[in-house]
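# Structural features, examined
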Amino acid sequence: MRSSTCVLCCALSILILLLGAPNESAAQDTIVPAASEVSLSEPANPDVGPYFYRGLPYGSEAYYGPLAVILNKGFALSLMEGGTRRLADFPYGIRSVADALAHPTAAIERQGGLWRFVREEMLPLSWSPDGIKWWTNYTGHLIEGGIHWRQLKEWYEAHGVPLAGLMSGITTMSAALLNEAYESNGATAGSAATVADLYFFDLAGIVLFSFDGVSRFFSRTLNANLWTGQASLVFPAGETDNNASHVYFKIPWSPIPNSSLFLWNGIGFLVGLSLHRGDGLDISFGAGTDAAGRTLDPVTGREMATLTFGAGLFLDRNGSLLASAHVSQVHHRLLRLNVYPGVLGGPGENLGAWMILSHDFEVRFGISNRFWLGAGLGLGK
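### Quick word on the confidence of the model for the chain
In this model, the chain carries an average pLDDT of 84, and 84% of its residues clear a pLDDT of 70 or more. Predicted confidence for residues 11–42 stays below pLDDT 50, and this span has 66 contacts to residues more than four positions away or in other chains.

Here you go:
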């Protein structure tokens, strides 16, 4: 853990030197006051949207789009250890997902029956290491998935796409199906977790965030939003890498002036502080857990995650992530750095960049472009 902390401190220095003074053009595009004055995403009229997508020309919002949702949400588990990340070779559990959807009762019975399903998947009644799956169902599929639907709906509306809600539903549910197929990892028997995710929590998230009051509460009161990774296809191996989808909260409670309680959840969970500057720039940091891997019983479909230490540093302007540094004890990603489009300025203002350093000091890196619809290219072993 000490070595990971040292790496994070070095990463902080790198990011500060890399970013330097905030981009002047970005500062001119600021559309909300500093978080210490009002909610981070609050428009002129706080009673109306958009709530999660405002078309900012810098950071993670400049990178956001339908393909970014599919790649980052669909392949988010590729951050874990185990198995190949080669897209052509990965044993997608399509048969398992199809079996769970076609025979949900059998999948539930196979994993211990209805009461166990309710206790571990549906309600917060189990706290054992292998029975706390309801946590990711609520935070990931319900809240994060619901915000994904609402944010992408607002993206479609901003780009003049008709039937924005339907289009967003198709896109986000496609990403959810891909996520389940990737998660099933070659299994053939349907999983009760897939039943809970697809039949309940993913759909409930869409319904929940279709209400303006809910979206307004999460956006304005809890200062919640999404930060996606710069998902990339890495050559020459043809692997997917840097895929990530995380929901964050900046809850306006802290004993330190001009700061908020910072929560970050996805493949891992971090707790820390967000420090607010007067120009809309926030510096957030947190420490907690990271998901190193997971085991999946091919017969019953029961799964269990292996947790380890993780910490992160994040710079954002008006909720749009500019750069991040994440350290972890996960073997293939000791350090992960991301700088998003619209940050560097000059000829490279449309480009983003990322770098991942493993515990073996192998380096993978790549670039993205705000006009590549959410896909990037990388090089690595």
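### A few points about the environment of Y92
Relative to the helices and strands, Y92 is located in the loop between α4 (66–74) and α5 (94–102). Residue Y92 is classed as partly exposed on the basis of its relative accessible area of 27%. Between the C-alpha atom of Y92 and that of A187, which follows or precedes it by 95 residues, the distance is 8.1 Å. Apart from the residues lying within four places of it in its own chain, the contact partners of Y92 are F75, L87, L178, A181, Y182 and G186.

### Quick look at the pairing of strand β6 (residues 268–276)
As paired elements, strand β5 (residues 259–266) and β6 share 8 bridges and run antiparallel to each other. Residue pairing for β6: S260 is matched across the bridge by S274. Count of turn residues in the β5/β6 antiparallel hairpin: 1 residue.

### Regarding the packing of aromatic side chains
Under the definition given, this model contains 21 aromatic pairs. The interplanar angle of 85° and the centroid separation of 5.6 Å between the aromatic rings of F217 and F218 together place this pair among those described as edge-to-face. With relative accessibility at 12%, the residue F218 sits in the buried group. On the basis of an interplanar angle of 35° and a centroid distance of 5.6 Å, the ring pair of W264 and F314 is categorised as tilted. Of the two residues, W264 is situated in strand β5 and F314 in strand β8 (residues 303–317); the sequence distance between them amounts to 50 residues. Given a relative accessible area of 3%, F314 falls into the buried group. Ring pairing ties together the aromatic residues F52, F209, F217, F218 and F249, which thus form one cluster.

### Side note on α5
Listed as buried for α5 are S96, V97 and A100. One face of α5 carries all of its buried residues, which in axial projection span an arc of 95°. Seen from the open side of α5, the exposed residues pointing more than 90 degrees away from its buried face are I94 and R95. Contacts made by the buried residues of α5 are with α6 (104–110), α9 (164–184) and α10 (192–208).

### As for a nonpolar patch on the surface
Together, F235, L351, V363, F365, I367, F371, W372, L377 and L379 give the surface a local cluster of nonpolar side chains, amounting to about 820 Å² of exposed area. Secondary structure elements with two or more residues in the nonpolar patch: β12 (363–369) and β13 (376–379). Sorting elements by how many residues they give to the nonpolar patch places β12 first, with 3 residues. The residue L351 is located in strand β11 (residues 351–357) in this model.

### Topic: the packing of α4 against helix α8 (residues 134–158)
At a closest axis distance of 10 Å, the pairing of α4 and α8 adopts a crossing angle of 160°. Judged by the angle between their axes, α4 and α8 are roughly antiparallel. α8 is crossed by α4, and the crossing has left-handed handedness. Across the interface between the two elements, P66, V69 and K73 from α4 touch G145, H148, L152, W155 and Y156 from α8. Here the residues of the contact of α4 with α8 are counted per class, giving 5 nonpolar, 2 polar and 1 charged.

### Considerations on the pattern of salt bridges
Pairing of side chains with opposite charge becomes possible as their charged atoms draw close. Under the counting rule described, the total for this entry stands at 13 salt bridges. Linking E61 and R54 is a salt bridge whose minimum nitrogen-to-oxygen distance equals 2.6 Å. The exposure class assigned to E61 is buried, which follows from its relative accessible area of 4%. Across the pair E154 and R150 runs a salt bridge, and its minimum N-O distance is 3.4 Å.

### Regarding the environment of F235
One can find F235 in strand β2 (residues 232–235). According to the relative accessible area criterion, F235 is partly exposed, its value standing at 39%. Separated by 131 residues in the primary sequence, F235 and G366 place their C-alpha atoms 9.7 Å from one another. F235 has contacts with L377, G378, L379 and G380, leaving out every residue within four places of it along the chain.

### Thoughts on unusual backbone geometry
Note that the residue after F235, namely P236, is joined by a cis bond; omega there is 5°. Take P236: it is sitting in the loop between β2 and β3 (239–241). The residue L163 is not glycine, and still its phi comes out positive at about 50°. Note on placement: L163 falls in the loop between α8 and α9. Judged by relative accessible area, L163 falls into the exposed class, the value being 62%.

### Side note on the nonpolar core
F52, I143, I147, F209, F218 and F249 are the most contacted members of the largest nonpolar core, which totals 19 residues. For F218, the residues in contact, after removing those within four places along its chain, are F52, I143, F209, N223, A224 and F249. A231, W264, L270 and L321 belong to the second-largest nonpolar core, a separate cluster that totals 11 residues.

### A word on the side chain of N137
Relative to the helices and strands, N137 is located in helix α8. We classify N137 as buried; its relative accessible area is 2%.

Calculation criteria
Residues numbered from 1 in each chain as written. Predicted model: local features only at pLDDT ≥ 70, side-chain atom pairs only at ≥ 80, totals over all residues. Heavy atoms only, no water. pLDDT = per-residue confidence, 0-100. Contact = heavy atoms within 4.5 Å. Helix = DSSP H or I, 4+ residues; strand = E, 2+ residues; numbered from the N terminus. Buried < 20%, exposed > 50% of the residue type's maximum accessible area, 1.4 Å probe, protein only. Pairing = 2+ DSSP bridges. Phe/Tyr/Trp six-rings, centres within 6.5 Å; stacked < 30°, edge-to-face > 60°. Arc of directions from axis to C-beta. Patch = residues over 30% accessible without salt bridge, like charges linked within 9 Å, V, L, I, M, F, W, Y side chains within 5 Å. Areas by Shrake-Rupley, 256 points an atom, 1.4 Å probe, with all protein chains shown as cover. Salt bridge = Lys/Arg side-chain N within 4 Å of Asp/Glu carboxyl O. Axes fitted to C-alpha atoms, helices over the stretch in contact; angles between N-to-C directions. Parallel < 35°, antiparallel > 145°, perpendicular 65-115°, else oblique. Left-handed = near helix turned anticlockwise from the far one by under 90°. Nonpolar A, V, L, I, M, F, W, Y, C, P; charged D, E, K, R; others polar. Core = buried A, V, L, I, M, F, W, Y, C linked by side-chain atoms within 4.5 Å.

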